[in-house]
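Fold and contact review
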Amino acid sequence: NTDLAAAAMAGDSTRTSSVAAARRGLGWAAMAVRLPILALLLQQLLTNVAPPSADWQVVLWWAVLSACAITNVTALVVAGRMCAPYRSTQWYLAAVYVLGCGFRSLLPRADVQRICLVDSWLSTVVVGRSVATVAELAFAAQVALVLREYGAAAKCKLAVRVGSAIFPMLFIAEIFSWYAVVTTNYIGNAIEQSLWTTSGVLTALSLNAMLRVAHPDHARGMLWAMGACTAFVLFMVTVDIRMYVTRFLADTAAGKPYLSLAEGFHDLNTRWVVTFSFEEWATEMAWMAGYFSFAVWLSIALSLLPRLRLRKESSD
């Protein structure tokens, strides 16, 4: 009788967990469905804000970014209610990243070109790049903490070492980003993005190293994460890094004079050019759209990760 009662309780617990998971899934799905509707509504609003000469592609893109910003903040609040106490640090780091990306979505700008959509001091490079630096370092800290935690649980030295190295490596990437925006030399962006790409490769290798000891449920999640890392690396190599290297080579061929540090700091504090030209923004749209959506969702997801379960635990 005791065994039957225990089995019944376990069954009830499983059903309750399944129902709760289904409700959460429906909640996230409803949020995803509302995103394009919100984007269309915002497009109508922003069309009235944008100048008559604005290209419609740019206005639509801005509306999508703005819809993502609003949706992402909502998702962050929902995640905060679901977040386990041991993931509170991850949630706070995700909040920094979500809010930073939201700011950049509402006030898009391209740093080296000094172009933006809103005529405000908030659109200056020094403000936007500062916000981006804090947000990106928060995301780097999230990844580093997860890799170190999971690596320690799985006794995987590679994951622990990558987790320890990834934050300082991406801190260096931010230095190269600042070098690029101050001097307007795209080689800094190319190096920055190469370091982020390297972090994606190392993260995928770390996850792969932990696969054999992870519980099957967690191993499936790791496979999805490895797929995301692979997609990220392919995008960075074929689109982002290639774009910056191409720009650097074109500037070099044209004999472009780069700004000194003093000239650059003055320039990024005082100059911003408002433009709604599709030609000006075309090369920025793809990476910004992906960055302010998928990357933000990943940051929020990290705040909901369970503790790593190992295969031996499932057989105990």
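The coordinates are above.
As a convention, each chain's residues are numbered from 1 in the sequence order in which they are written. The predicted nature of this model means local features are confined to residues of pLDDT at least 70 and side-chain atom pairs, given and counted, to a pLDDT of 80 or more, with totals for whole chains, interfaces and linings taken over all residues. To get the side-chain values, take all heavy atoms of the structure and skip hydrogens and water.

Right, let's talk about a nonpolar patch on the surface for a bit. On the surface, V73, V77 and L99 cluster together into a nonpolar patch covering about 230 Å² of accessible area. Given a relative accessible area of 51%, L99 falls into the exposed group. A patch is a set of surface residues, each over 30% in relative accessible area and not in a salt bridge, joined within 9 Å for like charges and within 5 Å for the nonpolar side chains Val, Leu, Ile, Met, Phe, Trp and Tyr. Using a 1.4 Å probe, the Shrake-Rupley method yields the accessible areas, and only the shown protein chains count as cover for residues. Take a side-chain nitrogen of Lys or Arg and a carboxyl oxygen of Asp or Glu: if they are within 4 Å of each other, that pair is a salt bridge. Each residue gets one of three labels from its accessible area relative to the maximum for its type: buried under 20%, exposed over 50%, partly exposed in between, using a 1.4 Å probe on protein chains only.

Attention now goes to unusual backbone geometry. At R114, a residue that is not glycine, the phi angle is positive and equals roughly 65°. According to the relative accessible area criterion, R114 is buried, its value standing at 2%. The residue K155 is not glycine, and still its phi comes out positive at about 55°. Relative to the assigned elements, K155 resides in the loop between α4 (125-154) and α5 (157-183). Helix and strand assignments follow DSSP, with helices taken as H or I runs no shorter than four residues and strands as E runs no shorter than two, numbered in order from the N terminus.

So, on to the side chain of R104. Within the secondary structure layout, R104 lies in helix α3 (residues 88-106). In this structure R104 comes out as buried when scored by relative accessible area, which is 6%. Among all residues touching R104, those that are not within four sequence positions of it are R109, R129, A132, E136, W287, Y291 and F292. Contacts between residues were defined by any pair of non-hydrogen atoms, one from each residue, lying within 4.5 Å.

What follows is about the pattern of salt bridges. With the rule as written, the count across this model stands at 11 salt bridges. Of the charged contacts, one joins R114 and D267 as a salt bridge, the two residues approaching to 2.8 Å between their closest N and O atoms. Residue R114 is located in the loop between β1 (109-110) and β2 (115-116), and its partner D267 is located in helix α8 (residues 261-270); the two are separated by 153 residues in the primary sequence. The same class applies to R114 as to D267, namely buried. A salt bridge links D267 to R271, with the nearest nitrogen and oxygen atoms 2.8 Å apart. According to the relative accessible area criterion, D267 is buried, its value standing at 13%.

With that settled, the discussion passes to helix α7 (residues 216-253). For an α-helix the count is 3.6 residues per turn, leaving residues at separations of three or four pointing the same way. Between its terminal C-alpha atoms α7 stretches 53 Å, which fits the 56 Å expected from 38 residues at 1.5 Å a residue. Axes are fitted to the seven residues ending at a residue and to the seven starting at it; the angle between these axes is taken as the bend at that residue. Maximum bend of α7: about 45°, positioned at M236. At the C-terminal side of α7, G255 shows a positive phi close to 70°. Given the number of residues in a helix, its expected span is that number minus one, multiplied by 1.5 Å.

Here α3 is 19 residues long and its end C-alpha atoms lie 27 Å apart, about the 27 Å a rise of 1.5 Å per residue gives. Among the residues of α3, those classed as buried are Q90, L93, A94, A95, Y97, V98, G100, C101, G102, R104 and S105. Contact partners of the buried residues in α3: α2 (56-82), β1, α4 and α9 (278-302).

A few words on the sheet that holds β1. At least two bridges found by DSSP between two strands are what make those strands a pair. The three strands lie next to each other as β1-β2-β3, forming an open sheet whose pairing is mixed. If you trace the sheet from one side to the other, it starts and ends with β1 and β3 (273-274), each paired once. Two elements, β2 and β3, share two bridges in a ladder whose sense is parallel. Directly across from I115, in β3, lies its bridge partner V273.

With that settled, consider the packing of aromatic side chains. By convention, a stacked pair of Phe, Tyr or Trp rings (six-membered ring in the case of Trp) has centres within 6.5 Å and planes under 30 degrees apart, an edge-to-face pair has planes over 60 apart, and any other such pair is tilted. Counted according to the given criterion, the structure contains 10 aromatic pairs. Considering the side-chain rings of W287 and Y291, the 6.0 Å spacing of their centres and the 85° angle between planes classify their relative orientation as edge-to-face. With a gap of four residues between them, W287 and Y291 both fall in helix α9, about one helical turn apart. The class of Y291 is buried, set by a relative accessible area of 17%. An aromatic cluster is built from Y97, F139, W196, W287, Y291 and F292, whose rings are joined through pairwise contacts. The criterion for a charge sitting over a ring is simple: Lys NZ or Arg CZ within 6 Å of the ring centre, and within 35 degrees of the ring normal. The aromatic ring of Y86 is capped on one face by R307, whose charged end is 4.0 Å from the ring centroid.

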